[in-house]
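# A look at the structure
Now for the letters of each chain:
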Amino acid sequence: MSHIATFLSITLKLVFLTFTWLQSSSSLDVGCDLFRGSWMAGASPMYDVPMCPFIDKQFDCAGNGRPDKLYLNYTWKPNNCKLPKFSGVDFLRRFQGKRILFVGDSLSLNQWESLACMLHASVPQSNYTIKKIGGVSTFYMPEYRMSLMLSRNALLVDLVVDGKRGRVLKLDSIKNGESWKGFDMLVFNSWHWWVHKGRQTPWDYIEFGGEVYKDMDRLKAYELGLRTWSKWVDSNINPLQTRVFFQGISPTHYNGAEWNNATPNGATCYGETEPIHGSAYPGPELPAAVVVKRMLSNMATAVQLLDITTLSALRKDGHPSAYGIGGKRGNDCSHWCLAGVPDTWNQLLYATLVANGNQLIPK
């Protein structure tokens, strides 16, 4: 009888713990939004910048002479839950023998370098290798046989060189997608190059539906290009084999009026040393972010939005500003310092992967 009583006691405890966990999970499903919250001071950077060999000079704000250091010490606090602590070793174990590919522009480069630094800091003794072939960079950790890769592709759809017209952006063609197959996780990003004009316009003509245009409304072109991308994902990706993310639109801070900065030198992010307090950005919603959400909601394949737009908009202090390439040159209010905001993007990526929004610790 004592053995039966013990067995029943253990069984009841397991049932109780399972019930409690399910209750906790259910409540978090309703109340926890990882991407809504505020920035709090007092944290430490996730890695020591001088010890990370992967950071481009343009992102090394401290190394380029940025005098303030407070931007390194903010942490993201979701409104109704807290993020699990990032564990590079756990991340590597989960992706042992697997390949991860970031596809996009220099904001993808920002995030890829950040994640490489975070993993390197977790396993500093690793005999890692890093190489670049064409537009593809690979960070490889042999102890875990894990490849973290970056493919520089700012527009996602095909940009081809035509002997007669020059550079032609083909909004309904995505042959370059063949190189994205066979990965265990894909993280896409595209937007900033769609709005470049003048000499920075990345194409000479746009082609869509058999028609050729010298130019068109950039938001419309972006939506047509994303539609082609979404059809490619739906047709070529097996969600049981490949996890797909879309990095939300990363905001810029070139207009100080958006955060009510009326000082003479407050037209841009230059000189900003603190985030916007609270959880709401006073500026307008980015139309491209609306396009992305609408596109993802209409896809057959489940694509997770890494919704970094609002939380990044609050970080007017996080850009290189005058401390980008070479230090004190230009005013970069588009990219992000490393260490910095992209580390939080990766912390949120990790939280989504390991908890999927269900097992986060309530406040």
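Residues numbered from 1 in each chain as written. Predicted model: local features only at pLDDT ≥ 70, side-chain atom pairs only at ≥ 80, totals over all residues. Heavy atoms only, no water.

If the charged atoms of two oppositely charged side chains come close together, the side chains can form a pair. As enumerated under the stated definition, the model contains eleven salt bridges in all. The partner of Arg167 in a salt bridge is Asp204, with the nearest N and O atoms 3.1 Å apart. Taken together, the residues span a long stretch of sequence, with Arg167 in strand S8 (residues 166-170) and Asp204 in the loop between strand S9 (185-188) and strand S10 (205-208) at a distance of 37 residues. Through salt bridges with shared partners, one network takes in Arg36, Lys293 and Asp307. (Salt bridge = Lys/Arg side-chain N within 4 Å of Asp/Glu carboxyl O. Helix = DSSP H or I, 4+ residues; strand = E, 2+ residues; numbered from the N terminus.)

Counting across every chain of the model gives 16 aromatic pairs. Lying over the aromatic face of Phe183, Arg99 brings its terminal NZ or CZ to 4.0 Å of the ring centre. The ring of Tyr205 is capped by Lys214, whose NZ or CZ atom sits 4.6 Å from the centre of that ring. (Phe/Tyr/Trp six-rings, centres within 6.5 Å; stacked < 30°, edge-to-face > 60°. Lys NZ or Arg CZ within 6 Å of the ring centre and 35° of its normal.)

With that settled, the discussion passes to the side chain of Arg66. With respect to the helices and strands, Arg66 occurs in the loop between strand S1 (37-41) and strand S2 (74-78). On the accessibility criterion, Arg66 (3% relative accessible area) is buried. Within the local environment of Arg66, its side chain forms a polar contact with the side chain of Asp68, the two groups lying 2.9 Å apart. Here Asp317 takes part through its backbone oxygen, which lies 2.8 Å from a polar atom of the side chain of Arg66. Discounting residues that sit within four places of it in the chain, Arg66 has contacts with Cys61, Tyr71, Glu272, Thr273, Asp317, Gly318, His319, Tyr323 and Cys337. (Buried < 20%, exposed > 50% of the residue type's maximum accessible area, 1.4 Å probe, protein only. Polar contact = N/O pair within 3.5 Å; in protein donor to acceptor, adjacent residues only side chain to side chain. Contact = heavy atoms within 4.5 Å.)

Direction vectors running N to C along helix H4 (residues 218-236) and helix H5 (residues 287-297) enclose 25°, while the axes themselves pass 10 Å from each other. Relative to H5, the element H4 is oriented roughly parallel. In terms of crossing hand, the pair formed by H4 and H5 is right-handed. On the side of H4, the interface is formed by Leu219, Tyr222, Glu223, Leu226, Arg227, Trp229 and Ser230, while H5 contributes Pro287, Ala288, Val291, Val292, Arg294, Met295 and Leu296. Its residues placed into classes, the contact of H4 with H5 shows ten nonpolar, one polar and three charged. (Axes fitted to C-alpha atoms, helices over the stretch in contact; angles between N-to-C directions. Parallel < 35°, antiparallel > 145°, perpendicular 65-115°, else oblique. Left-handed = near helix turned anticlockwise from the far one by under 90°. Nonpolar A, V, L, I, M, F, W, Y, C, P; charged D, E, K, R; others polar.)

On to the confidence of the model for the protein. For the protein, the average pLDDT comes to 87, and 87% of its residues sit at 70 or higher. In the model, residues 5-29 has pLDDT below 50 throughout and makes twelve contacts with residues more than four positions away in sequence or in other chains. For the stretch residues 357-363, pLDDT sits under 50, and the model shows 23 contacts to residues farther than four places along the chain or on other chains. (pLDDT = per-residue confidence, 0-100.)

Ordered in space as S7-S8-S10-S11, the four strands form an open sheet in which the pairing is mixed. Both outer strands of the open sheet, strand S7 (158-162) and strand S11 (211-213), are each paired with one neighbouring strand and no more. When strand polarity is set aside, the average angle formed by the axes of neighbouring strands in this sheet is 30°. As paired strands, S7 and S8 are joined by five bridges and run antiparallel to one another. Paired with Leu159 across the two strands is Leu169, which belongs to S8. (Pairing = 2+ DSSP bridges.)

Read from one edge of the open sheet, seven strands run S4-S5-S6-S3-S9-S12-S13, paired in mixed fashion. Across the chains shown, the open sheet's two edge strands, defined by having one partner strand only, are strand S4 (129-133) and strand S13 (303-306). Strand-to-strand, the axes of this sheet are offset by a mean angle of 20°, without reference to chain direction. Across four bridges, strand S3 (residues 99-104) lies against S9 in parallel orientation. By the bridge assignment, Ile100 is partnered in S9 with Met185. Strands in contact with H4 are S9, strand S12 (243-247) and S13; relative to S12, the strand with the most contacts, it is inclined by about 170°.

As a further point, take the nonpolar core. Among the nonpolar cores identified, the biggest contains 64 residues, and Tyr47, Phe91, Phe102, Leu119 and Leu148 are the most heavily contacted of them. At nine residues, the largest contribution of residues to this core is made by helix H7 (residues 341-355). Sequence-distant contacts of Phe102, that is, excluding residues within four places in its chain, are made with Gln111, Trp112, Leu115, Leu148, Met149, Leu150, Ser151, Val187, Asn346 and Leu349. Counting residues in each nonpolar core, the second largest holds 38 residues, with Leu171, Ala221, Val244 and Ile249 among its members. (Core = buried A, V, L, I, M, F, W, Y, C linked by side-chain atoms within 4.5 Å.)

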